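# Chain and residue survey
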Amino acid sequence: MKTNRLLGVLWVFLAGWALLVGSVHAAGLQVTDDRGVTVRWDVPPQRIVSLLPSLTETVCELGQCHRLVGVDRYSNWPASITQLPRVGGGIDPNVEAIVALRPDVVLLAQSSRVVQRLESLGLKVVALEPKSHADVQRVLGKVAQVVGVDAQATQRVWRNIDAAVSAAAQSLPARVKNTRVYFEVNRAPYGAGTSSFIGETLTRLGVQNIVPASLGPFPKLNPEFVVRANPDVIMVGDRNFEGMTQRPGWRSIRAVREERLCVFPNDESDVLVRPGPRMAEAARLMARCLQEKAP
């Protein structure tokens with residue numbers, strides 16, 4: 001009798017466990033992207049194509065580089081991805097090349113022109129576009145969901161990034177505070193506004209951005225605007241520096257006149273303009289510039 005009762009209890013336990021496992025499998029994995037579209041998988045994607053450098057870097061920061069099977073032409077960090085197939089630019093990539101890689105998911109910017117075409121071909125697409133510090137944290141969490149990294153590990157990654165940005169700010173001497181800074185992201189010229197992730201880092205470093213939040217994250221500026229604002233320090237990538245000081249009136253700007261310009265080489269510029277896990281390194285690069293060039 002005892003044996004039958006024990007077998008009955010065991011049967012109930014096994015039946016309940018099977019039901020639980022079946023429910024979890026049926027629910028699978030789902031992620032809602034920046035379009036508000038919910039994408040579902042039975043199991044975490046193993047073959048990932050990334051079409052945005054910051055998303056590529058986020059996948060790798062979460063320890064999942066090995067799942068990448070293709071990237072856009074601008075993704076160049078970490079070094080382990082340099083041998084991966086390139087599928088063109090992030091905005092308008094080579095769709096045929098992406099399909100040939102048989103990805104379980106394609107990570108890309110919301111502004112990409114190929115979202116609907118990829119979906120029409122049966123591919124799962126997750127569109128994520130970080131523009132602020134809060135976005136970087138949110139996107140980190142979304143990518144972690146896609147690759148199946150638990151929330152506790154993800155929060156630890158974010159805390160390390162955030163703490164390092166704070167440490168960069170604390171490393172600066174008092175004389176640097178309130179330095180007026182212009183950060184040029186493109187020679188059109190487009191500047192980094194106060195509301196952008198670059199502008200937010202500058203604010204955390206305690207300096208003043210000459211481009212107000214009211215103009216948007218990355219506004220196109222009249223060069224005369226910068227002349228009138230007369231920044232103390234200018235930050236710009238080497239690929240965008242050519243001809244800057246020859247613009248009408250720019251030699252009268254304090255930063256130009258006193259040679260208070262930080263011209264970042266391409267590898268450092270990549271770090272600075274990508275809203276991703278290397279944001280802490282970007283803060284250290286800005287802090288180094290301010291240490292050397294602030295009046």
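Quick summary incoming for the structure in this document. The shown structure was predicted, so the numbers you read here are calculated from the model rather than taken from an experiment.

### A few points about the overall build of the chain
- Along the backbone of the chain there are 12 helices and 11 strands.
- Viewed in the frame of its principal axes, the chain has a C-alpha envelope of about 95 × 45 × 35 Å.
- Going through the 295 residues of the chain one by one, you find that 48% of them count as buried.
- Residue pairs in contact within the chain that sit at least 24 positions apart in sequence constitute 56% of those at least 6 positions apart.
- Distance between charge centroids for the chain: 4 Å, based on 35 positive and 27 negative side chains.

### Some thoughts on unusual backbone geometry
- The residue after W77, namely P78, is reached through a cis peptide bond having omega 0°.
- Assignment of secondary structure puts P78 in the loop between β4 (68–71) and α3 (95–100).
- Residue A188 is joined to P189 through a cis peptide bond whose omega torsion reads 0°.
- Following the sequence through the fold, P189 ends up in the loop between β7 (180–186) and β8 (190–191).
- Phi angles above zero are rare outside glycine, and R102 is one such case at about 50°.
- By the secondary structure assignment, R102 is in the loop between α3 and β5 (105–108).
- With relative accessibility at 56%, the residue R102 sits in the exposed group.

### Remarks on the environment of A134
- Within the secondary structure, A134 is located in helix α5 (residues 133–147).
- Considering only alpha carbons, one finds A134 and F197, 63 residues apart in sequence, at a separation of 8.7 Å.

### Things to note about empty space enclosed by the protein
- Applying the stated rule across the entire model yields 1 cavity of 30 Å³ or more.
- Taken together, S54, T58, P130, V136, V139, L140, I161, P275, G276 and P277 make up the lining of the largest cavity.
- When contributions to the lining of the largest cavity are tallied by element, the ones reaching two or more residues are α2 (53–61) and α5.
- The biggest single contributor to the lining of the largest cavity is α5, with 3 residues.
- For the lining of the largest cavity, the per-class residue count stands at 7 nonpolar, 3 polar and no charged.

### Quick word on helix α6 (residues 151–170)
- Taking 1.5 Å as the rise per residue, α6 with 20 residues should run 28 Å; its terminal C-alpha atoms sit 28 Å apart, in good agreement.
- Regarding α6, the residues found buried are A153, T154, V157, W158, I161, A164, V165, A168 and A169.
- The backbone nitrogen of Q152 has a side-chain oxygen 3.0 Å away, supplied by the residue at the start of α6, namely D150.

### A closer look at the sheet that holds β4
- A sheet is described by the order of its strands in space; here 4 strands give the open sequence β4-β3-β5-β6, paired in parallel fashion. Pairing within the sheet leaves two strands with one partner each, and these edge strands are β4 and β6 (125–127). Across the sheet, the mean angle separating the axes of adjacent strands is 20° when strand polarity is ignored.
- Note that β5 and β6 share 3 bridges and pair parallel. Following the sheet pairing, L108 is matched in β6 by A127.
- Strands in contact with α2 are β3 (48–50), β4 and β5; relative to β4, the strand with the most contacts, it is inclined by about 160°.

### Examining the side chain of N209
- Mapping N209 onto the fold places it in strand β9 (residues 208–209).
- There is a polar contact of 2.9 Å between the side chain of N209 and the backbone oxygen of A192.
- Reaching out from N209, the side chain makes a polar contact with the backbone nitrogen of V211 at a distance of 2.9 Å.

What counts and how
Residues numbered from 1 in each chain as written. Predicted model: local features only at pLDDT ≥ 70, side-chain atom pairs only at ≥ 80, totals over all residues. Heavy atoms only, no water. Helix = DSSP H or I, 4+ residues; strand = E, 2+ residues; numbered from the N terminus. Buried < 20%, exposed > 50% of the residue type's maximum accessible area, 1.4 Å probe, protein only. Contact = heavy atoms within 4.5 Å. Lys, Arg positive; Asp, Glu negative; His and termini not counted. Charge placed at Lys NZ, Arg CZ, Asp CG, Glu CD. 1 Å grid on protein atoms, 1.4 Å probe; cavity = no way out; pocket = protein on both sides within 12 Å on 5 of 7 lines; lining within 4 Å. Points joined across faces, edges and corners; volume = space filled by probe spheres on them. Nonpolar A, V, L, I, M, F, W, Y, C, P; charged D, E, K, R; others polar. Expected span 1.5 Å × (residues − 1). Polar contact = N/O pair within 3.5 Å; in protein donor to acceptor, adjacent residues only side chain to side chain. Pairing = 2+ DSSP bridges. Axes fitted to C-alpha atoms, helices over the stretch in contact; angles between N-to-C directions.

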